[in-house]
Structure formats: structure tokens, C-alpha cells
Amino acid sequence: MPATTAPPADGQLVSVRGRRWVVNNVEPGAKSTLVSLQSVEDGRYADTLDVIWEVEAGAQVLPTGALPPVEAGRFDPPHRLAAFLDAVRWSAVTSADVRTLQAPFRSGVAIEDYQLEPVARAVDAPRVNLLLADDVGLGKTIEAGLVAQELLLRHRARRIMIVCPAGLTIKWRDEMLEKFGLDFTVVDSERAAAVRRTHGSSANPFHVYPLTIVSLPWLRGPKAQRLLDEVLPADGPAVPRTFDLLILDEAHHVAPAAPRQVYAVDSQQTKLIRKIAPHFTHRLFLSATPHNGYPESFRALLELIDDQRFLRSVEPDPAAVRETVVRRLKRHIENADGTPRFVERVASAIPVEYPPEEREIHALLTRFAELRRERLETERGRKATDLITLLLKKRLFSSPAAFAHTVGVYLRTLRGRAGAGPLTGVDDDIPEWMEDFVDDLATYDDEQLAEAEDDALERMVAADDEESLLERMLTWAQAQQARPDAKAAKLIDYLKSVCKPDGRHWTNERVLVFTEYRDTQSWLADLLRRDGLAGPAVATLHGGTPTGEREQLRLAFQADPAEHPVRILLATDAASEGVDLQNHCHRLVNYDIPFNPNKLEQRIGRVDRYGQTTAPDIRHFVGTGFAGDLEFLSRIATKIAAMEADLGAVNAVISEAVRRRMAGERVSLDLDEVGRKVRAEELPTEPDTREQVRRLRADLDRTVEELGISPPRVKRVVDTALELARQRKLRPHTDDKHLVEGLYTVPPLTGSRPITFDAEVIKGRDGIVLAHLNHPLVAMSTRLLRASVSNPDLGLHRVTAVVSDDPDVEDVLVGAYSRFVLVGAGGVRLHEEILCSGGWVPDRGRFRRVENPSTLGGILDHALTRGVPATDVVRSRVAGRWERIAGDLGAAVKWAAGIREEVLHRRLEQRRQAERDRVNHDFDQFEAGLRRAIDADGPQAEATLFRRAEASRRTDELAQYRRDRTRRTERLSGLAGDRERELDAVGARYRKPVAHTVPVAVVFVVPQREASR
């Protein structure tokens, strides 16, 4: 049937196709009217629709400020209406007050106060450009989730992409769903093929799924690049951007590597992120180790985060760095009483008495390296010898199995090149792969590491008389594989003492054992099996573990030992990044010591992290009375474990010292001085964490007070929704494991684990689900209650009458609750809240408006929380006054909305001007830095940095340097246009906001004397 009313006017509220819209534009024609509409439905404020009014079935103009009808017999119990009002109030998530946060209440974990700093900075900025560089284990994933959630709630983001290492895609997906209720899709080749089957051959997953996760390796591939090219504008970033938020995990992987000579060169991953980052409005990078000690490399990372404040060839403004970098260290985080929030780790050595035959093989390898080096005259030959020695020592220090593998590969290489002759006279040019090799090793997982080391050995040229020495070493290694060597025996003794002290029964203790090599891991697993440490109690995790299996193993190790039998996890460094294993494990053994210090700290971070309640016990092996390379590595391991700091700034220094020491050079490394340098060169950290936490807690407490978000009230919403939906009630849950109140069993459709509405209850307890505002049960409950605004069949009338003992209530008072929304350009919600308006309704006399909103709100809140339901007689009596006062109450609603709109217009104008000032300030600072860099770049700058010999050998570094110089000039010339675009974007966001007021409930407050007459 055609429309039931005449065409509407601009700004009127209409009902079209079962949904409510506001009229944006009306274009009358000769026989029909084109009406442009914008949705005012929950979560659909960006939706628009154009209709021909006369032919649109069922279209009608809704009465402005339509209040719920008040009729005798159609009143709700006060607790039911209060639950409805909470559901509506909690959906009003956007605030002109940037201190009001909602994301913390939509998280399934107990948020620590310090974790709120990134999201607090995000809502206060026109663009979000942050580097989350908190210490390993402080909860950067949670911080990123809070930022994503808040931007989504405020309609500042819709399309989000998470880029992370391949092994972490499932973990990110599951954590975003479980902790924040956000349903991300992992996009890979398989998913892309599935999208084509379901959506058509030209479908693109980046169009289909607004929330995506991709692995960095896959993103580099041709398939991903083709898909991105289809969605990204060919002529550069558009306004608005194609994507809203980029979250880049383990962001240090995309920074340029350390320079081979004097200047860091962009890696392929740097170029990839440089290509896609400008197409994101907001960028959030995560890394506990973002600084590798080279300023231009760190500046390049900052440029990827915010190219309107940083350039890799320009010294950054210190204030800009402080505003961009969020960095807190574990030792700075305190409890409310001033005690340390994180338990201090304990590092100790497991002494090993190496028998003569093992000392002999170490001496033989040292002699092998010395003899080979003495015979070689070229730089290339010495470099090759150092590399061979390094690889052989790394393997020998790991295990006989790993050593046998490498010696065998090298022997096969020598035999295959028999007769090639000595290395004297060989071209002295060092090949590029050899220059980069040691640095590249630090980025590989166990499978890539083994492949790279084997490939390097196969490229080497033989020296004289090596074969006999290598055969002796291989014979020893193969013989040693059949039994534990001294170090393995000590490991087995330690594992037995912790996990199986009586030789028969497993304890509930868990141990994480790290090694670099799969060969060592397999060998240890076999030794443990032979010694009675086997079965489901021992598990292995490595680079070849499938993603799904890897995640299941992580969950098993994180589960209560009473629920899963795994006790010992043998892991390669594939588990050292982004994997949390701290719930029931505080013991970690470094079976071998990686030559790269950051790898060691990453390992320790698996158990020394947020949620750990027991002092991390970090062990490594040291030979007693055995001075040499092993003792050198042991001292480094001890010092690093005790530093508990970002080693990025000195990692290169330590790595180079280790490399030279392993090559046979005499190296003096003052580790105490290294520690002082770490402290001197750390990234800027929060100087007063206690004050920061106090401020964040105060803001959060104010939000709780304003919105009334408390465990009892969230439960009341769920109880009310289940009652209206005729579902079974929540049942109190008790069991022997969780001796705590506030647990409930939910109806079967929501799962079997007990839930709680109190975040304090889940602290330190497994198997309990926090029913936060985005939890499916709570979200469904709030949606059901809010739907009653347009669906009267749900059984909620949205009217109640309460008898109050409030002494300020001397006559009957009627109040109306309305949802007030300010909508900006593109349907973006700028502000929303629940307004109350009303007045006194004497039995005889005129309606008298209450003009103080605080007074009115206090009376209504007291009545709904402490009042008692009015009797049917009282309800009938106040309903009889409705016809007389409905118009006056509607006018009061309009008056209150007008007053509030004036206040908010002023506040939003202040906010708009503050954002403009910030944009201008940032561009001014950046421009000044660019001009200083250009002025200082005289003709001697290049010659000073690059000597002629270096420039001829490292042409790629010289080319990068020149590109960076050119980009400085290009950026300066383009700044004016960038500034104008940013200012236009700010202006558009706040331009001509439109207010919408939708009354949702009516409350009568009756004094006790009135109720009793």
C-alpha cells in the first residue's frame, strides 16, 4: 500500500521499511516526491536511503517527540523499566567529553588501569598514530583491542586490518572475539578463494569483511598485493581513507635493518608498509623492542606510524615522540599501595661439569677455527671462516644432534667440491648474502634458521686439510647422540625434580624449555621419553606446527593443570614472540643461549608478563671451571635476564661482541656498562606512572558513576531480557574449584562455563567468563530491551509509577527519558546521551517544569533504585492525569533538548578548534624540522658519511641516503596541501551537526502521602 501520510518536511522523523529515519532533503516533483533519509536506528547512523514517497509502502511521518502512551493497566514494574533505561543508556557510547570511555566495559578481561593510557590518547586525537612500546608482557594486545573497540563505538572506525606474524593470526582472532566481542576474519589465500565461491569471481575479501587479520608474510605475496591493488586507489590515498585503522603487531620487523656499513636501507617489509599505511586514517604499531640502536631505522618506523610528523631523514621533535610512543616498564608499574605490580624475575644458572671428552670437542673446534683463519689472507676468506665457526659453535653449544647435522652438511659440501684448492687468491669482495647473514638469522624461526645455515655452508669454498678434523667432530657428535651429554643430563634431573620428584606421579608444576634448533628439540624429546618423561605430559612447539594446532597447544599449556596433563613444553624460538604462557607456568629454561640478546628477552617474556603471579624462575646452563665461550655466553644471559629492559639500543653492540668472540677474537665486554647504556638510551618512558594511573582511574570512575555500569545492574538487564524472552533464569553456580560468589550458570544456548558480571572475580581464576557489555548474552539482552522502543509486542510498555520516600518529592512528579543524539557529516555520531525532563503534576493546577536537570535526575534515580512499585489504584490515578499533561511533558522534552544542544554545540566547537590547533601545531613543528634538516644538508654531508671506499661497496646505502634527501624536499613542498586536507577533514566531522531527540520512557514518582490516600 502507498504512503499513509503527505510528504514530510526536512528534519521530520519518519518510518520507512520498518525503520526510523530523519529527513535530510525533500525534492518535490510534478507527480512524486524524492525524499533523502538518514537512519536514526541503533548502530545504523551512517545508513542513508532515497525513496519516492508516494509509492513507498507504509511510509509515514512520526509525531515529533512522541512519548510512550500512558494507560491504566499498561505499567511496567520499576526494576524492569530501570533495566530498559540502562540498556538504552549503555548504547549511547559516543560522547563530546573525550574523558568518557566505554571500551573498558566491553572487554572480557579485568583491565589494569595503566592499560587505559593508549585509548585515552586515542580519543583525544584527531588521528590515532601511536607506537605501543610497553615492556614485554604488559598487555599490548589488550591495549590495542581497547583502542579498536573505542574507535568502533564512536564511529571513528569501521574497517580495521590487523597485520601480525603468521603464527599469531589465530591468537589475534580468538582474543579479539573472546576479550572484546569483535569478530575478525583471517584473510589468506584459502579465504580469498572461499569468498570468490560465495560472492562471485570478482569478490574481494577486503570489501566483504570490515574486520580482517592478515599475516605479514602473506601480505608480502603476489596474491595479497593483487587484492589490495583492487581496493586501494591507484592515484594515492583518498579522503576519506579506504581503511580506518591499521594495527601492526611486532612492528620492529618492518623497520629497516641495522646498516651494513653506515646507513640503514629500507627492507621489503618497510616498503610494503610504506605503501599501504597512508591508506589508513589511524595507525597503531605494537613492539616491545622498536629501537635497534640506529636512529634512522627508528625514525623510519616513526614515519610509517605518522608521516605528518616524522621523516626518517629528519631528527624528530622530542615532544612528538613522547606523544606518539606509549612506553611503560614493569618496574614502574605499582599497585594502589605503592608495592610493585609485577613480581621480580629470578635468574640463576644450572651448573654443568663437562667431562673431558666434551671439553676436548670444544677445544678441537677452537683449534679448527684458528688453523683455518691463519691460512687465509683475504678479507673474504676470513669472513667465510668466521661464519663457518659461528655456525658450528652455535650448533655445538646447542646439542650433539644439532652439531652433527651442521658438520654433516659441511662435510658433504667439502666432498662435493674436492680439488677446489685453498682460499688464497680468491677475489676479496665479500658477497652481499654473507654481509647480511648474521643479522638475518635473528629474524628467522627454527625452520628458516636451519635452511639458511645449511644453505650458507653449501656456498663455502674448502680449505686444505679440513675434512679429517670435521670427520673427528662428526664421529664424536654421532656417538654422543645416543645418550644425554652433561647438559642434557642436568636438564633431565631438573625436570624430574620439578615435575616428577617421586619418579611416578606428575606434579602440577610446568616448565618451558627453549632451544633454537629443531634437531635439539627432537633429540631432547627422545631423551625425555627414554627417561620416563613422555606421553601427554610433554609437548613440542616449533615453526612447523600448524597454526590451529599451535593455538590448541597454547591453550592447553595455559589451562589449569588439573584440566590438561601437559607439564613440559619443548619450544623453539617460534614460540618466543606474542605467545602468552604465564597462567600456570613461571619456570623457563634456556637450553641454549641465542647469540642475539633480544631473542633471549623475548623468550623470557612468555612467562614474565601480565597475569603472572609467581616470580619467574629463569634458568640457563654454565660450565663449572670451564672458562671460554660458554662462560662468556652464560654471563651475558645472566645479565640480560636481570636487566628487564628493552635491549634494542644496545642489542647490536652485544650481538657484534658475541659474533667476534665466537670467531676467536679477544673481546672485552663490560656488561655493567651495557646496562648503563640501556638505561641512558631507552625510549621515553612515562615519568610518573602513579600519577598517570590515578588520572585514568578517576576518569573511569566518573564514567561508571555517569552511566551506572555496575555488576548488579548488568545482571538486572540480563535477568529482565530473559524474563521478557521467556527464557530460563540464570542459576547461581557453585563448585569446588571456584569458591567465590557472583557466579552463574547460563541458559544452554550461551555455553557451559560459569559467568560473572564482576571483573574482580575473574582475576587469577581460569574457566570463568566475564559477561561484559559486548558479551553475546549481555549484547543480546540490551538489543532486546532497546527494540521495545519500536516493537510494542515485546511486553515492555516503557511506563512505570514508583512510590518514593524522597523528602524532596512533595507532589506527583512525571519525568521523561529521551535519547538525544548529535549527528555529524556522513552520519557520524558526535555525541549521544540520555536526557531527563519533566515537572510537577498536582491533582489540581498547572504542570510546573523542573528546570534543574541535576535535581530532576536525582529524584528519578532515587525513585527507580529505592522506591516501591505503585499500586494499581495509584497507577490508575496518575494515568488519569496523562491527557492533561502529555503536551506539557512533550514541551519539556523539547526544551531540555534545546538547552542541551546549545551546550554541546559550544563544546563541539571547542573540540573542533582544539583539533585544528593540534593539526596546525604538528605541521608547524614538522615543517620547522624539515627546514632545519635541509639547511644543514650541505655539500659535505654525503662525503662525511660515505667515504669513497664505502660508497663503492655499499651502493644501496648511498642510493637510500640520496632518496631520503630528495624526499625531504618533496615532503616540504607537499606540506601545505596535506595540512589543508587534514583541516578540511576536521571541519567536515563537526560541520552542521543535527540533533535528534527520541523519548523512550515515562516515570511517575508519587510521594508516600499521595499513595496512601
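So, how was this worked out
- Residues numbered from 1 in each chain as written.
- Predicted model: local features only at pLDDT ≥ 70, side-chain atom pairs only at ≥ 80, totals over all residues.
- Heavy atoms only, no water.
- Helix = DSSP H or I, 4+ residues; strand = E, 2+ residues; numbered from the N terminus.
- Buried < 20%, exposed > 50% of the residue type's maximum accessible area, 1.4 Å probe, protein only.
- Contact = heavy atoms within 4.5 Å.
- Areas by Shrake-Rupley, 256 points an atom, 1.4 Å probe, with all protein chains shown as cover.
- Pairing = 2+ DSSP bridges.
- Phe/Tyr/Trp six-rings, centres within 6.5 Å; stacked < 30°, edge-to-face > 60°.
- Lys NZ or Arg CZ within 6 Å of the ring centre and 35° of its normal.
- Arc of directions from axis to C-beta.
- Core = buried A, V, L, I, M, F, W, Y, C linked by side-chain atoms within 4.5 Å.
- Disulfide = S-S within 2.5 Å.
- Salt bridge = Lys/Arg side-chain N within 4 Å of Asp/Glu carboxyl O.
- Axes fitted to C-alpha atoms, helices over the stretch in contact; angles between N-to-C directions.
- Parallel < 35°, antiparallel > 145°, perpendicular 65-115°, else oblique.
- Left-handed = near helix turned anticlockwise from the far one by under 90°.
- Patch = residues over 30% accessible without salt bridge, like charges linked within 9 Å, V, L, I, M, F, W, Y side chains within 5 Å.
- Nonpolar A, V, L, I, M, F, W, Y, C, P; charged D, E, K, R; others polar.
- Polar contact = N/O pair within 3.5 Å; in protein donor to acceptor, adjacent residues only side chain to side chain.
- pLDDT = per-residue confidence, 0-100.

Draft legend 1. Spatial organisation of the overall build of the protein chain. Across its full length, the protein chain holds 35 helices and 28 strands. Taken across its 1013 residues, the protein chain has 56% of its residues classed as buried. The contacts of the protein chain with a sequence gap of at least 6 include a subset with a gap of at least 24, amounting to 78%. Looking at the protein chain as shown, the accessible area adds up to about 42600 Å², and 49% of this sits on carbon and sulfur atoms.

Draft legend 2. Inspection of the sheet that holds strand β9 (residues 211–215) at higher detail. Ordered by their spatial adjacency, seven strands build an open sheet running β8-β9-β7-β10-β11-β6-β12, and the pairing between neighbours is parallel. Edge positions in the sheet fall to β8 (185–186) and β12 (325–326), since each of these pairs with one other strand and no more. One ladder, built from two bridges, connects β8 with β9; its direction is parallel. Each residue of the ladder has a partner; that of Thr 185, found in β9, is Thr 212.

Draft legend 3. Examining the packing of aromatic side chains more closely. Under the definition given, this model contains nine aromatic pairs. A ring pair is formed by Tyr 263 and Tyr 961, whose centres lie 5.4 Å apart and whose planes are at 90 degrees; its orientation type is edge-to-face. Taken together, the residues span a long stretch of sequence, with Tyr 263 in the loop between β10 (243–248) and α9 (268–276) and Tyr 961 in helix α34 (residues 955–990) at a distance of 698 residues. We classify Tyr 263 as buried; its relative accessible area is 7%. The ring of Tyr 591 has Lys 487 sitting right over it, with the charged end atom 4.2 Å from the ring centre. The residue whose ring lies beneath Arg 510 is Phe 557, and the NZ or CZ to ring-centre distance is 5.4 Å.

Draft legend 4. Molecular detail of α9. Regarding α9, the residues found buried are Gln 269, Thr 270, Leu 272, Ile 273 and Ile 276. Projection of α9 onto a plane perpendicular to its axis shows the buried side chains occupying an angular sector of 160 degrees, all on one side. Next to the buried residues of α9 lie α7 (216–220), α8 (222–231), β10, β11 (280–286) and α10 (295–305).

Draft legend 5. Looking closely at the nonpolar core. Ranked by internal contacts, the top residues of the largest apolar core, which has 109 residues, are Trp 172, Ile 247 and Tyr 817. Per-element tally for this core: the top contributor is helix α1 (residues 78–91), with seven residues. Not counting residues within four places of it along the chain, the set of residues in contact with Tyr 817 comprises Leu 85, Arg 89, Ile 834, Leu 835, Cys 836, Leu 860, Asp 861, Leu 864, Pro 999, Val 1000, Ala 1001 and Val 1003. If you look at the next biggest cluster of nonpolar residues, it comprises 37 residues, including Leu 131, Ala 133, Met 161 and Leu 219.

Draft legend 6. Just the state of the cysteines, in detail. In total, this model carries zero disulfides according to the counting rule given. Its sulfur unpaired, Cys 499 is 8.8 Å from the next cysteine sulfur, which belongs to Cys 585. Judged by relative accessible area, Cys 499 falls into the buried class, the value being 0%.

Draft legend 7. Quick peek at the pairing of β10. Of all six residues making up β10, six are buried, and the element is well covered by its neighbours. Pairing of strand β7 (residues 160–164) with β10 involves four bridges; the strand directions are parallel. Within β10, the residue paired with Ile 160 across the bridge is Leu 245.

Draft legend 8. View of the pattern of salt bridges. If you walk through the whole model with that rule in mind, you get 69 salt bridges. One salt bridge connects Arg 80 with Glu 723, and the closest N-O pair in it is separated by 2.8 Å. On the criterion of sequence distance, the pair formed by Arg 80 in helix α1 and Glu 723 in helix α26 (residues 711–724) is long-range, its members being 643 residues apart. Judged by relative accessible area, Arg 80 falls into the buried class, the value being 14%. A salt bridge links Arg 359 to Glu 353, with the shortest nitrogen-to-oxygen separation between them at 3.2 Å. The network of salt bridges with common partners includes Lys 171, Glu 175, Lys 179, Glu 551, Arg 554 and Asp 580.

Draft legend 9. Highlighting the pairing of strand β25 (residues 829–840). With 12 of its 12 residues buried, β25 lies for the most part within the structure. For strand β24 (residues 813–823) and β25, the ladder comprises 11 bridges, and the chain directions are antiparallel. Opposite Leu 813, over in β25, you have Trp 840 as the bridge partner. Pairing geometry for β25 and strand β26 (residues 848–849), over two bridges, is antiparallel. Bridge pairing in β26 links Gly 839 to Arg 849.

Draft legend 10. The sheet that holds β25, seen in detail. Read from one edge of the open sheet, six strands run β26-β25-β24-β28-β23-β27, paired in mixed fashion. Looking at which strands have only one partner, the edges of the open sheet turn out to be β26 and β27 (868–869). Here strand β23 (residues 799–804) pairs with strand β28 (residues 994–1007) via six bridges, running parallel. Paired with Val 803 across the two strands is Val 1006, which belongs to β28. Against the sheet, helix α31 (residues 882–936) touches β24, β25, β26 and β28, its axis set at about 140 degrees to β25.

Draft legend 11. Region of interest: the packing of helix α3 (residues 140–153) against helix α4 (residues 169–180). Between α3 and α4, the least distance of the axes is 11 Å, while the angle of their chain directions is 60 degrees. Our classification of the angle between α3 and α4 gives oblique. Note that α3 runs across α4; the crossing there is right-handed. Contacts between α3 and α4 involve Thr 141, Ile 142, Ala 144, Gly 145, Leu 146 and Gln 149 on the former and, on the latter, Lys 171, Trp 172, Glu 175, Met 176, Lys 179 and Phe 180.

Draft legend 12. Main features of unusual backbone geometry. Put simply, Val 239 and Pro 240 share a cis peptide bond, and its omega is 0 degrees. Positionally, Pro 240 belongs in the loop between α8 and β10. Of note, the phi angle at Arg 798 is positive, near 70 degrees, even though the residue is not glycine. Tracing the backbone through its elements, the reader meets Arg 798 in the loop between α28 (776–786) and β23.

Draft legend 13. Focus on a nonpolar patch on the surface. There is a patch of nonpolar side chains on the surface, built from Leu 34, Ile 52 and Val 55 and spanning about 240 Å² of accessible area. Along the polypeptide, Val 55 turns up in the loop between β4 (48–52) and β5 (60–61). A relative accessible area of 63% means that Val 55 is categorised as exposed.

Draft legend 14. Structural detail: the packing of helix α5 (residues 189–199) against α8. At their nearest, the axes of α5 and α8 sit 10 Å apart, and the two run at 45 degrees to each other. With respect to their mutual orientation, α5 and α8 come out oblique. Between α5 and α8 lies a crossing whose hand is left-handed. Counted together, Ser 189, Ala 192 and Arg 196 of α5 and Lys 223, Arg 226 and Leu 227 of α8 form the full contact between these two elements. When the residues that make up the contact of α5 with α8 are grouped by side-chain class, the tally is two nonpolar, one polar and three charged.

Draft legend 15. Structural view of the side chain of Gln 612. Inspection of the secondary structure puts Gln 612 in the loop between α21 (597–604) and β18 (617–623). Overall, Gln 612 belongs to the buried group, its relative accessible area being 8%. Of the polar contacts made by the side chain of Gln 612, one reaches the backbone nitrogen of Thr 614; its length is 3.2 Å. Every residue in contact with Gln 612, bar those within four places of it in the chain, is listed here: Val 343, Gln 582, Cys 585, His 586 and Val 607.

Draft legend 16. Main features of the environment of Arg 274. With respect to the secondary-structure elements, Arg 274 resides in helix α9. The spacing of Arg 274 and Val 254 is 20 residues in sequence and 9.3 Å in space, taken between C-alpha atoms. Other than its neighbours up to four places away in sequence, Arg 274 contacts Asp 266, Glu 303, Leu 304, Arg 312 and Arg 967. For Arg 274, the side chain forms a polar contact with the side chain of Glu 303, separated by 3.1 Å.

Draft legend 17. Quick look at the confidence of the model for the protein chain. Summing up the model confidence of the protein chain, the mean pLDDT is 84 and the portion of residues at 70 or higher is 83%. Confidence over residues 420–434 falls short of pLDDT 50; this stretch has 36 contacts with residues more than four positions distant or in other chains.

Draft legend 18. Expanded view of the side chain of Lys 394. Relative to the assigned elements, Lys 394 resides in helix α13 (residues 379–398). A distance of 3.3 Å separates a polar atom in the side chain of Lys 394 from a polar atom in the side chain of Glu 516. Of the polar contacts made by the side chain of Lys 394, one reaches the side chain of Tyr 517; its length is 2.7 Å.

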